Amino acid sequence: MKAERSSNPQRSKLVVPSPDSSGPSPITDEFHTYLITEYENIAEAHFRTIEAISSFFRYYLLIMSVPIALLSGFIGLSSDTEERLAAIDDLGVVLGAALTLISIVGFTVMLYVVNLRMDVILYARTVNAIRKHFYDQAEIGIEEKLRTRVLPQTPSQPAYEERVYFLPVILSFALLDTFYLLSGLVLLSGTALVDFSLGAPPGWVWAGAVLFPAHYEAYRRYAKHREHAYLRSYSIGVDIDGVLNKHRQHFSRLLQDKVGKHLDPDNITTIPLHDDPGQGVTREDERVVFNSAEYWADMPPLEGAAEYLARLKNAFRLKVHIFSHRAWPDLTAVDSRQRAETTTRWREAALALQDADGDPSWLSRLLNRARLWLGPLESNNSLGSRWRPGALVSWARSKLGTSPMSLITRAWLSKHGYPYDRLTVEQGNENVSDPEGHFRNRFYIARERKIRFFVEDDAEKAAKLAFICDVVFLLEQPYNQKPVLTLPNNVLRCRNWDEIYKQVRRLL
């Protein structure tokens, strides 16, 4: 296989014409220097990968030719045709298994070669993007630019599915692999090769012909994955508290009602509040408010957030993944009587909020009631050992049932018209971004699902998510204004959802 030199990067050293000199001069700007080095490295990797593809294809042809050579030598030992075929029939099971195995190996080799070819295209696209950057920076007219530029500068070219250039290679794999598979199945079926006819093998043997279109289908799916899902997905992650609701104002009202302390919502400049001794709010005060089911069920929505989220989902086809860490109710510091009362209040609040939403069908309501009473009594976000006493029962209840907090969160989102594709009530520590921590939180899931955008209100979490997502939108709140850390430049501060929508529209 030969390299496609007409649409791929060149090996020459990259320089840019200086506007005040007649000849090219080395780029001294730090970022431009980085791009030059990146260009040279990617271009070298591009051609090395092409050479690897050629090598693997040669190895594949060698593997395919070995059985034919061996059979030819074996048949050559006898001069009679029927004797040759009878000898092959005697080795039918062994030979059939070998041919079937060779066809499977050939298919897997094709998948590896396809991945290598996809890497070649990825490298070519990267070089095209670098080329575009330098052409745009050069002070030359568009006419001269079009006349002098031969290689493309579009990051979306070449296409991953190359029907003209690479599809013949896929067809070669398909023909040889399918031939070997059918031959192996014929021998395994015990069909005699003497007086062989197409109707002699049983019908299930010819089902192996499906391997031929399977090659193209695998190639097409790999190309689609590279085009739309590789390295990133078309999705946006959204926090709830402080992003979709007005939790500062609501917390202040309930703090006044339940604890008797007055707090100006605009003075909440630190979360958690007990970290700011000047506010006079203790950890126990926070616990009283958060342990109240009405705090979560009656949370006021943020005006306009549902409308803009629907526009992002419908107009841009973004998958919406909503996150929230809500380890409540906390029943660790109450006696058995208070535990029963608190659990009853939470379940009743969850069912009342569900009944207030007219969307779920009667069947969904019935199932939710059953899951609520079957589920765990409290929201347990700890990832402790599953081998402790009673762990199997707790695990089964968490899988088959639902917690009051989970039902409240879903019903609240539905009641206020928030569209979403997935909801995750986080488990474990909500602040650990290390993948080795094995916490089921937004960092782990954003990395696993390659979430492209994220809307956050916590500056520290936004800074961590910036190393996972392409862009993180930090919705401004009084508690994320302090310069406690330097935010990466892909964290964009936004004052409202209108700015978030416009930023996404500009970046897509």
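Everything quoted here is computed from the prediction, not taken from an experiment.

Colleague: When you look at the packing of aromatic side chains in this model, what are you seeing that I'm missing?
Modeller: Both the distance between ring centres and the angle between the ring planes are used here to describe each pair of aromatic rings. Counted by the stated rule, this structure contains 17 aromatic pairs. Judged by centre distance (5.5 Å) and plane angle (45°), the ring pair of Phe251 and Phe290 falls under tilted. One end of the pair, Phe251, is in helix α7 (residues 247–258); the other, Phe290, is in helix α8 (residues 283–290), with 39 residues separating them in the sequence. Here Phe251 matches Phe290 in class, with each residue buried. Aromatic side chains Tyr308 and Tyr501 sit 5.8 Å apart centroid to centroid with 50° between the ring planes, which places their arrangement in the tilted category. Of this pair, Tyr308 sits in helix α10 (residues 305–315) while Tyr501 sits in helix α17 (residues 497–507); the two residues are 193 residues apart in sequence, bridging distant segments of the chain. Under the relative-accessibility criterion, Tyr308 is labelled buried at 16%.

Colleague: What is the right way to read unusual backbone geometry from this model?
Modeller: Excluding glycine, most residues fall at negative phi; most peptide bonds, likewise, are trans. With omega at -5°, the peptide bond leading from Gln157 into Pro158 counts as cis. Take Pro158: it is sitting in the loop between α4 (142–148) and α5 (167–188). Put simply, Ile271 and Pro272 share a cis peptide bond, and its omega is 0°. Relative to the assigned elements, Pro272 resides in the loop between α7 and α8. Phi angles above zero are rare outside glycine, and Arg317 is one such case at about 60°. The topology assignment puts Arg317 in the loop between α10 and β4 (319–324). At Lys450, a position not held by glycine, the phi torsion is positive, near 55°. Within the element layout of this structure, Lys450 appears in the loop between α15 (442–449) and β6 (453–456). Residue Lys450 is classed as partly exposed on the basis of its relative accessible area, which comes to 34%.

Colleague: What exactly am I supposed to notice about the pattern of salt bridges here?
Modeller: Any two side chains of opposite charge can pair, on the condition that their charged atoms come close. For the structure on display, the rule yields 22 salt bridges. The closest approach of N and O atoms between Glu162 and Arg117, which form a salt bridge, is 2.8 Å. Of this pair, Glu162 sits in the loop between α4 and α5 while Arg117 sits in helix α3 (residues 92–137), and the two are 45 residues apart along the sequence. Classification of Glu162 by relative accessible area gives buried; the value is 7%. On the basis of relative accessible area, Arg117 is assigned to the buried category, the value being 4%. Between Arg163 and Glu161 there is a salt bridge; the shortest N-O distance is 3.2 Å. On the accessibility criterion, Arg163 (56% relative accessible area) is exposed. Using a relative accessible area of 22% as the deciding quantity, one classes Glu161 as partly exposed. Through salt bridges with shared partners, a single network forms among Asp239, Glu426, Arg442 and Glu456.

What counts and what doesn't
- Residues numbered from 1 in each chain as written.
- Predicted model: local features only at pLDDT ≥ 70, side-chain atom pairs only at ≥ 80, totals over all residues.
- Heavy atoms only, no water.
- Phe/Tyr/Trp six-rings, centres within 6.5 Å; stacked < 30°, edge-to-face > 60°.
- Helix = DSSP H or I, 4+ residues; strand = E, 2+ residues; numbered from the N terminus.
- Buried < 20%, exposed > 50% of the residue type's maximum accessible area, 1.4 Å probe, protein only.
- Salt bridge = Lys/Arg side-chain N within 4 Å of Asp/Glu carboxyl O.

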